[in-house]
Amino acid sequence: MGDYIDDTLALLKTSKTPEKKWEAFLKLCRKSNKSGVWDQLPEPKLVTDIAAAQKWLDQELSKMPKAAGIYLGLDTLNMSGPKGFNLGIGGSTKAEATAEDVNWTYECSKFGKPHLIGSLRGFNRVYTAARWEDVSSHADYLLPLGYSGLVLGAAIGNLADKKDRVFAWGFHDGDMFLLGRRIGTKFTPEFCLTED
(Lines give C-alpha, C1' and ligand atoms only; values in the text may rest on other atoms or scores of the structure.)
Protein backbone atom coordinates (compact mmCIF):
# COMPACT_ATOMS: atom_id res chain seq x y z
CA MET A 1 0.00 0.00 0.00
CA GLY A 2 3.06 2.24 0.38
CA ASP A 3 2.95 3.61 -3.17
CA TYR A 4 -0.69 4.57 -2.74
CA ILE A 5 0.08 6.40 0.49
CA ASP A 6 2.80 8.39 -1.29
CA ASP A 7 0.41 9.08 -4.18
CA THR A 8 -2.27 10.21 -1.74
CA LEU A 9 0.13 12.59 -0.01
CA ALA A 10 1.26 13.99 -3.36
CA LEU A 11 -2.34 14.48 -4.46
CA LEU A 12 -3.25 16.35 -1.28
CA LYS A 13 -0.40 18.76 -1.92
CA THR A 14 -1.75 19.87 -5.31
CA SER A 15 -3.59 23.15 -5.81
CA LYS A 16 -6.73 21.44 -7.10
CA THR A 17 -10.07 22.30 -5.52
CA PRO A 18 -11.34 19.92 -2.82
CA GLU A 19 -13.89 18.55 -5.31
CA LYS A 20 -11.18 17.82 -7.90
CA LYS A 21 -8.94 16.29 -5.24
CA TRP A 22 -11.78 13.98 -4.19
CA GLU A 23 -12.33 12.84 -7.78
CA ALA A 24 -8.60 12.16 -8.22
CA PHE A 25 -8.40 10.41 -4.84
CA LEU A 26 -11.34 8.14 -5.65
CA LYS A 27 -9.63 7.22 -8.92
CA LEU A 28 -6.49 6.38 -6.93
CA CYS A 29 -8.55 4.20 -4.55
CA ARG A 30 -10.01 2.28 -7.48
CA LYS A 31 -6.50 1.71 -8.81
CA SER A 32 -5.22 0.57 -5.40
CA ASN A 33 -7.84 -2.19 -5.13
CA LYS A 34 -10.06 -3.35 -7.97
CA SER A 35 -13.09 -4.16 -5.78
CA GLY A 36 -16.39 -2.40 -6.37
CA VAL A 37 -16.50 -0.92 -2.86
CA TRP A 38 -15.38 2.49 -4.10
CA ASP A 39 -18.43 2.83 -6.36
CA GLN A 40 -20.74 2.05 -3.43
CA LEU A 41 -19.50 4.95 -1.30
CA PRO A 42 -21.95 7.78 -0.63
CA GLU A 43 -21.14 11.18 -2.10
CA PRO A 44 -19.12 13.08 0.51
CA LYS A 45 -20.44 16.32 1.96
CA LEU A 46 -17.25 18.23 1.28
CA VAL A 47 -18.53 21.75 1.91
CA THR A 48 -20.21 20.74 5.17
CA ASP A 49 -17.22 18.69 6.38
CA ILE A 50 -14.72 21.47 5.62
CA ALA A 51 -16.86 24.16 7.27
CA ALA A 52 -17.44 22.00 10.38
CA ALA A 53 -13.72 21.17 10.66
CA GLN A 54 -12.80 24.85 10.31
CA LYS A 55 -15.25 25.86 13.06
CA TRP A 56 -13.98 23.09 15.35
CA LEU A 57 -10.33 23.98 14.71
CA ASP A 58 -10.92 27.67 15.37
CA GLN A 59 -12.62 26.82 18.68
CA GLU A 60 -9.98 24.35 19.82
CA LEU A 61 -6.97 26.38 18.69
CA SER A 62 -8.24 29.39 20.64
CA LYS A 63 -7.76 27.21 23.77
CA MET A 64 -4.15 26.39 22.77
CA PRO A 65 -2.56 29.82 22.19
CA LYS A 66 0.95 28.65 23.12
CA ALA A 67 0.96 25.45 21.06
CA ALA A 68 2.97 25.81 17.86
CA GLY A 69 2.49 22.10 17.04
CA ILE A 70 -1.01 20.76 16.41
CA TYR A 71 -1.63 17.01 16.35
CA LEU A 72 -4.75 15.68 14.59
CA GLY A 73 -5.26 11.97 15.26
CA LEU A 74 -7.69 9.76 13.34
CA ASP A 75 -9.73 7.18 15.27
CA THR A 76 -12.15 5.15 13.15
CA LEU A 77 -13.32 2.93 16.01
CA ASN A 78 -15.48 5.50 17.83
CA MET A 79 -17.66 6.96 15.07
CA SER A 80 -21.02 5.45 15.96
CA GLY A 81 -23.74 7.00 18.08
CA PRO A 82 -24.74 10.61 18.70
CA LYS A 83 -21.43 11.36 20.45
CA GLY A 84 -19.32 9.58 17.86
CA PHE A 85 -16.01 11.08 16.77
CA ASN A 86 -13.13 10.18 14.48
CA LEU A 87 -10.59 12.93 15.06
CA GLY A 88 -8.72 14.06 18.15
CA ILE A 89 -6.62 17.18 18.68
CA GLY A 90 -3.58 17.92 20.78
CA GLY A 91 -1.17 20.81 21.12
CA SER A 92 2.55 20.87 21.78
CA THR A 93 4.45 23.86 23.11
CA LYS A 94 7.71 22.04 22.39
CA ALA A 95 7.17 22.18 18.62
CA GLU A 96 8.43 24.95 16.37
CA ALA A 97 6.25 26.12 13.49
CA THR A 98 9.24 25.42 11.24
CA ALA A 99 9.60 21.78 12.42
CA GLU A 100 10.47 19.33 9.65
CA ASP A 101 9.44 16.21 11.59
CA VAL A 102 6.54 15.20 13.81
CA ASN A 103 8.39 13.78 16.81
CA TRP A 104 6.78 16.53 18.89
CA THR A 105 3.39 14.78 18.48
CA TYR A 106 4.45 12.46 21.31
CA GLU A 107 4.83 15.43 23.64
CA CYS A 108 1.46 17.15 23.45
CA SER A 109 0.69 18.95 26.68
CA LYS A 110 -2.92 19.84 25.95
CA PHE A 111 -5.78 17.95 24.32
CA GLY A 112 -9.10 19.30 23.10
CA LYS A 113 -12.57 18.03 22.29
CA PRO A 114 -12.79 15.39 19.55
CA HIS A 115 -14.53 15.98 16.24
CA LEU A 116 -16.52 13.95 13.72
CA ILE A 117 -15.80 14.27 10.00
CA GLY A 118 -19.30 13.20 8.98
CA SER A 119 -18.62 11.69 5.57
CA LEU A 120 -16.11 9.24 7.07
CA ARG A 121 -18.95 7.68 9.04
CA GLY A 122 -20.93 7.11 5.84
CA PHE A 123 -17.90 5.59 4.12
CA ASN A 124 -17.29 3.30 7.09
CA ARG A 125 -20.82 1.90 6.93
CA VAL A 126 -20.14 0.76 3.37
CA TYR A 127 -16.63 -0.68 3.55
CA THR A 128 -17.25 -2.55 6.83
CA ALA A 129 -20.24 -4.42 5.39
CA ALA A 130 -19.72 -8.20 5.29
CA ARG A 131 -19.54 -8.32 1.48
CA TRP A 132 -16.46 -6.04 1.52
CA GLU A 133 -14.55 -8.00 4.16
CA ASP A 134 -11.60 -8.62 1.81
CA VAL A 135 -11.04 -4.90 1.21
CA SER A 136 -12.19 -3.53 4.57
CA SER A 137 -8.79 -3.02 6.21
CA HIS A 138 -7.36 -1.46 3.05
CA ALA A 139 -10.28 0.96 2.79
CA ASP A 140 -10.16 1.69 6.52
CA TYR A 141 -6.64 3.04 6.09
CA LEU A 142 -6.69 4.78 2.74
CA LEU A 143 -10.13 6.47 2.89
CA PRO A 144 -9.86 8.10 6.32
CA LEU A 145 -6.30 9.22 5.65
CA GLY A 146 -6.97 10.73 2.23
CA TYR A 147 -10.36 12.26 2.93
CA SER A 148 -9.39 13.74 6.30
CA GLY A 149 -6.21 15.20 4.79
CA LEU A 150 -8.29 16.82 2.06
CA VAL A 151 -10.83 18.24 4.55
CA LEU A 152 -8.26 19.40 7.11
CA GLY A 153 -6.00 21.01 4.53
CA ALA A 154 -8.91 23.07 3.18
CA ALA A 155 -10.14 23.96 6.69
CA ILE A 156 -6.71 25.04 7.94
CA GLY A 157 -6.34 27.31 4.93
CA ASN A 158 -9.42 29.27 6.08
CA LEU A 159 -8.78 29.55 9.82
CA ALA A 160 -9.27 32.79 11.72
CA ASP A 161 -6.29 31.76 13.90
CA LYS A 162 -3.18 33.81 13.03
CA LYS A 163 -0.56 32.01 15.12
CA ASP A 164 2.30 30.35 13.29
CA ARG A 165 1.77 26.59 13.66
CA VAL A 166 2.81 23.26 12.21
CA PHE A 167 0.13 20.56 11.76
CA ALA A 168 0.53 16.78 11.82
CA TRP A 169 -2.18 14.22 11.18
CA GLY A 170 -2.60 10.51 10.83
CA PHE A 171 -3.75 7.56 12.90
CA HIS A 172 -3.68 8.15 16.64
CA ASP A 173 -2.15 4.72 17.21
CA GLY A 174 -0.12 4.45 14.01
CA ASP A 175 1.39 6.41 11.14
CA MET A 176 1.64 10.16 11.56
CA PHE A 177 2.34 12.57 8.73
CA LEU A 178 3.37 16.18 8.42
CA LEU A 179 0.29 17.94 7.07
CA GLY A 180 1.83 21.36 6.62
CA ARG A 181 2.37 24.68 8.30
CA ARG A 182 0.42 27.87 8.59
CA ILE A 183 2.49 31.02 8.86
CA GLY A 184 0.25 34.03 9.41
CA THR A 185 -2.70 33.45 7.08
CA LYS A 186 -0.90 31.22 4.57
CA PHE A 187 -1.13 27.44 4.81
CA THR A 188 1.53 25.45 2.97
CA PRO A 189 0.95 21.69 2.67
CA GLU A 190 4.17 19.77 3.26
CA PHE A 191 3.26 16.13 3.40
CA CYS A 192 5.74 13.53 4.51
CA LEU A 193 5.70 10.25 6.40
CA THR A 194 7.22 10.22 9.85
CA GLU A 195 10.45 8.30 10.26
CA ASP A 196 10.93 6.10 13.31
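Everything below is about the structure shown above.
Computed from a predicted structure; not experimentally measured.

Draft legend 1. Structural view of the pairing of strand β2 (residues 87-92). Taken across its six residues, β2 has five buried, putting it largely inside the fold. Strand direction decides the pairing type here: strand β1 (residues 69-74) and β2, joined by six bridges, are antiparallel. When the sheet's bridge partners are listed, isoleucine 70 is paired in β2 with glycine 91. As judged from the two bridges shared by β2 and strand β3 (residues 110-111), these two strands associate in the antiparallel manner. Each bridged residue has a counterpart across the sheet, and for glycine 90 the counterpart in β3 is phenylalanine 111.

Draft legend 2. Structural context of the packing of aromatic side chains. The tally for this structure, following the rule as stated, stands at seven aromatic pairs. Here tryptophan 22 and phenylalanine 25 contribute two aromatic rings whose centre-to-centre distance is 6.0 Å and whose plane-to-plane angle is 50°, an arrangement assigned as tilted. Placement of the pair is tryptophan 22 and phenylalanine 25 together in helix α2 (residues 18-32), with a separation of three residues, close to one helical turn. We classify tryptophan 22 as buried; its relative accessible area is 5%. Of the aromatic side chains, those joined through ring pairs into one cluster are Trp22, Phe25, Phe123 and Tyr147.

What counts and what doesn't
Residues numbered from 1 in each chain as written. Predicted model: local features only at pLDDT ≥ 70, side-chain atom pairs only at ≥ 80, totals over all residues. Heavy atoms only, no water. Buried < 20%, exposed > 50% of the residue type's maximum accessible area, 1.4 Å probe, protein only. Helix = DSSP H or I, 4+ residues; strand = E, 2+ residues; numbered from the N terminus. Pairing = 2+ DSSP bridges. Phe/Tyr/Trp six-rings, centres within 6.5 Å; stacked < 30°, edge-to-face > 60°.

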